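These are the residues of each chain, in order.
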Amino acid sequence: MAPGSPRVRARILGLGLALTACMSVPAPAGAAAPAASPAAAAGTSSVAALTAEELRLDRAVPREILAASGFDAVAPELARRLGTAHSYAQARRVVVGEGSALWRRAVDRAQGRGPAGGELSRDDDRPLYWARLAMSRQVREWNPGFGLTDAQRGALISDLERTSRGQADLRHAPGAKGLKRVLVTGFDPFTLDRDVRISNPSGASALALDGTVIETAQGPARIETAVFPVRWRDFAEGTVERTLRPYLRQVDLFTTVSQGRVGRFDVERTNGAWRGGFPDNENVSRTETVPVADPSSQPQWTTTTLPYREIVAADTGRFPVYDNTSVTEIPAGGTSPVVRPDGPTAGSTARAGGGGDYLSNEIAYRATLLRDRLGLREALPGGHVHTPVLQFGAQNTDPATGTVTDAEFVRNRLDIIAQVRAIVAVAVSGAAG
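For clarity, every value in this text was computed on a predicted model and none was experimentally measured.

(A) The overall build of the protein chain, seen in detail. Broken down by element type, the protein chain carries 14 helices and 14 strands. For the protein chain, the proportion of its 433 residues judged to be buried stands at 54%. For the protein chain, contacts bridging at least 24 residues in sequence account for 77% of all contacts bridging at least 6.

What follows is the structure, encoded as C-alpha cells:
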C-alpha cells in the first residue's frame, strides 16, 4: 500500500463551513425526518427515504475509499442477488448471507487473508462502514414485485446491521482447557460532517482482533469482537444488551472500546447515566437520562471491574495509558454540574462519566449495568477503554484539501491496534492474577 500514491489522493469535496458549524451546535432533541432519496423525489421505484448516513455516500471520499479497497462491488452484488428473490423469506436469506459475508471479508482483509482488493491499507475500518451503508441504501430503495411492508424492510435492514457488524458471529462456547475468552467491541467512524475521511481505531481494532488468539501471562486467550453504530436510537432500542447478554456469562473478560482523547489511552473508572446531546451519525441529538429497561432500579453510576492498576502500570505501547477517575455530577441537593476529579459523591446525579456523555460512555454504562444485573459484578472483569484520536499526518489535516490516507495516519492506526491488543493481554493476566 502506498498512502501517498496518485490513486488515493483525490481531494475531498463538499465540506463547506456550514457542515463544520453544524457539528459544533447540537441539533434539536428528537429524530429529524430522513431526507428523501433522489429516486424517491423523482417518483421512481424507491419506497423509503435515505438516512443522513446513507446520503453521505454521494460524496467523493466514500466512493474513493470503496474503490481503493475493492468494496465498491459489495452493494451491486447485493442488488443482483435481491433481484433473484421472489419472496420476503428469500430476500432475508440473501441479506443475512451478504451481511455475514461483508463482516468476514472485512475481518479477513484486516488480518491479511485473501486479496487486499486495492491499495488502501488492510488495517482500514472505513471500507466496512461505507460498504454497509451502500448495502442498506440498496435495501431501502429496493422495490420488489412481490411487495414489501415497512416492517419487513426494517427487519431486513436490522438483519443487515446485525450480521455485517459481527454481532451474529460471536463464538464464545466453552473452548479448550485453559483458553480464556474475551469479548471486545468497537465503533463506526463518526463526526463525518466535520471530516468525512475519518476512521475509528476502535472499529479497526475489532477487525484486527476478531477470532484471534493472543498469548498472555496466564495462557492463551481468544478474542471475539463486534462493532456498534454511532446512533442514539439503536442504543435506546437495546442493541448493546441484545448483543452482549447471551455471552457475558460465557466470557472471562470484556471491554468496550472507543476513540477518546488526543495522544493517550484511558481506562474509564466510572460511567454515567446521562446523554449529553452531541449529534450522532444521523445528525440526531439526545439530552436525557440513558434509557434502559426497569428504570426504577437504574443507578446513576457504574464502575469498571477491569484491572486498571495493572493496565496503567504495564508497557503496552507508545501512547501513555491513564486511570481516568474524573466525572461530572450534580451533587445531592445541588442544581449545578460539578467536575469531580476523584469520582462521584454519594447520592449525586450523573452528567458525564469518565468517558464523557456521548455513546462511548453509554456503551460502557450499558455493558457494565448488564454485567451487574446479571449478578456478575464480582466475577466478570469488564469496562471501557478509550483509544487516542486517530490523526492524519501534519500535512494532511485539512479535510477540504487532504487525501484519504497517508503514511502517518496508517502508522498511528497500526500502533493503536497493537496497543489495544497489548492492553487486552495485560487485562486478562491482571484479572486472572
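Alright, that's what it looks like, and here's the rest.
(B) Representation of the sheet that holds strand S3 (residues 219–228) within the structure. An order of S2-S3-S1-S4-S14-S5-S10 is seen for the seven strands of this open sheet, with the pairing classed as mixed. Taken across any chain shown, the strands that pair with only one partner, and hence form the sheet edges, are strand S2 (213–216) and strand S10 (321–324). Neighbour to neighbour, the strand axes of the sheet diverge by 30° on average, direction disregarded. Where strand S5 (residues 265–268) lies against S10, four bridges are found, and the strand directions are parallel. Residue pairing across strands places Glu268 opposite Asn324, the latter belonging to S10.

(C) Seen up close, the side chain of Asp193. Mapped onto the elements, Asp193 comes out in the loop between strand S1 (180–187) and helix H9 (201–209). The buried category is assigned to Asp193, whose relative accessible area is 4%.

(D) Examining the side chain of Thr256 more closely. Mapped onto the secondary structure, Thr256 falls in strand S4 (residues 253–259). With a relative accessible area of 1%, Thr256 lands in the buried category. Of the polar contacts made by the side chain of Thr256, one reaches the side chain of His384; its length is 2.7 Å. Not counting the four nearest positions on each side in its chain, Thr256 is found in contact with Thr185, Ile363, Ala364, Ala367, Gly383, His384 and Val385.

(E) Spatial organisation of helix H8 (residues 150–164). The end-to-end C-alpha separation of H8 is 21 Å, in line with the 21 Å expected for 15 residues at 1.5 Å each. Regarding H8, the residues found buried are Arg153, Leu156, Ile157, Asp159, Leu160, Glu161, Thr163 and Ser164. For H8, the secondary structure elements touched by its buried residues are helix H6 (88–110) and helix H7 (126–141).

(F) Region of interest: the packing of aromatic side chains. Taken as a whole and assessed by the stated rule, the structure comprises nine aromatic pairs. Here the aromatic rings of Phe190 and Tyr358 are separated by 6.0 Å at their centres, their planes lie at 45°, and the arrangement is tilted. Note that Phe190 is positioned in the loop between S1 and H9 and Tyr358 in the loop between strand S13 (349–352) and helix H13 (359–373), a separation of 168 residues in sequence. Residues Phe190 and Tyr358 agree in their burial class; the two are buried.

(G) Region of interest: the environment of Leu120. Within the secondary structure layout, Leu120 lies in the loop between H6 and H7. Distance from Leu120 to Ala68, taken between C-alpha atoms, is 5.4 Å for residues 52 residues apart in sequence.

(H) Here's a closer look at the nonpolar core. Counting residues in each nonpolar core, the largest one holds 40 residues, and the members touching the most others are Leu82 and Trp130. Beyond its immediate chain neighbours, meaning those up to four positions away, Trp130 contacts Glu53, Arg56, Leu57, Pro62, Ile65, Leu66, Leu192 and Val196. Core analysis: the second largest hydrophobic core is formed by 26 residues, Ala221, Val257, Phe392 and Val420 among them.

(I) Region of the structure containing the pattern of salt bridges. Evaluation of the coordinates by the stated rule reveals 40 salt bridges. Residues Arg340 and Glu329 are paired through a salt bridge, measuring 2.7 Å at the closest nitrogen-oxygen approach. Linking Arg340 in strand S12 (residues 338–340) with Glu329 in strand S11 (residues 327–330), this pair joins segments that are 11 residues apart in sequence. Linked through salt bridges whose partners overlap, the residues forming this network are Glu53, Arg132, Glu161, Arg165, Asp188, Arg231, Arg233, Asp234 and Glu282.

(J) Inspection of the pairing of S11 at higher detail. Across the two faces of S11 the burial is the same, with Val327 and Glu329 and Thr328 and Ile330 all buried. Note that S11 and S12 share three bridges and pair antiparallel. Bridge pairing links Val327 to Arg340 in S12. In this structure, S11 lies alongside S13, joined through three bridges in antiparallel fashion. Directly across from Glu329, in S13, lies its bridge partner Ala350.

(K) Layout of the sheet that holds S13. Taken together, three strands build an open sheet; the order of strands is S12-S11-S13 and the sheet is antiparallel. Of all strands in the sheet, those bounded by a partner on one side alone are S12 and S13. Adjacent strand axes in the sheet meet at a mean angle of 40°, parallel and antiparallel pairs treated alike.

Analysis parameters
- Residues numbered from 1 in each chain as written.
- Predicted model: local features only at pLDDT ≥ 70, side-chain atom pairs only at ≥ 80, totals over all residues.
- Heavy atoms only, no water.
- Helix = DSSP H or I, 4+ residues; strand = E, 2+ residues; numbered from the N terminus.
- Buried < 20%, exposed > 50% of the residue type's maximum accessible area, 1.4 Å probe, protein only.
- Contact = heavy atoms within 4.5 Å.
- Pairing = 2+ DSSP bridges.
- Axes fitted to C-alpha atoms, helices over the stretch in contact; angles between N-to-C directions.
- Polar contact = N/O pair within 3.5 Å; in protein donor to acceptor, adjacent residues only side chain to side chain.
- Expected span 1.5 Å × (residues − 1).
- Phe/Tyr/Trp six-rings, centres within 6.5 Å; stacked < 30°, edge-to-face > 60°.
- Core = buried A, V, L, I, M, F, W, Y, C linked by side-chain atoms within 4.5 Å.
- Salt bridge = Lys/Arg side-chain N within 4 Å of Asp/Glu carboxyl O.

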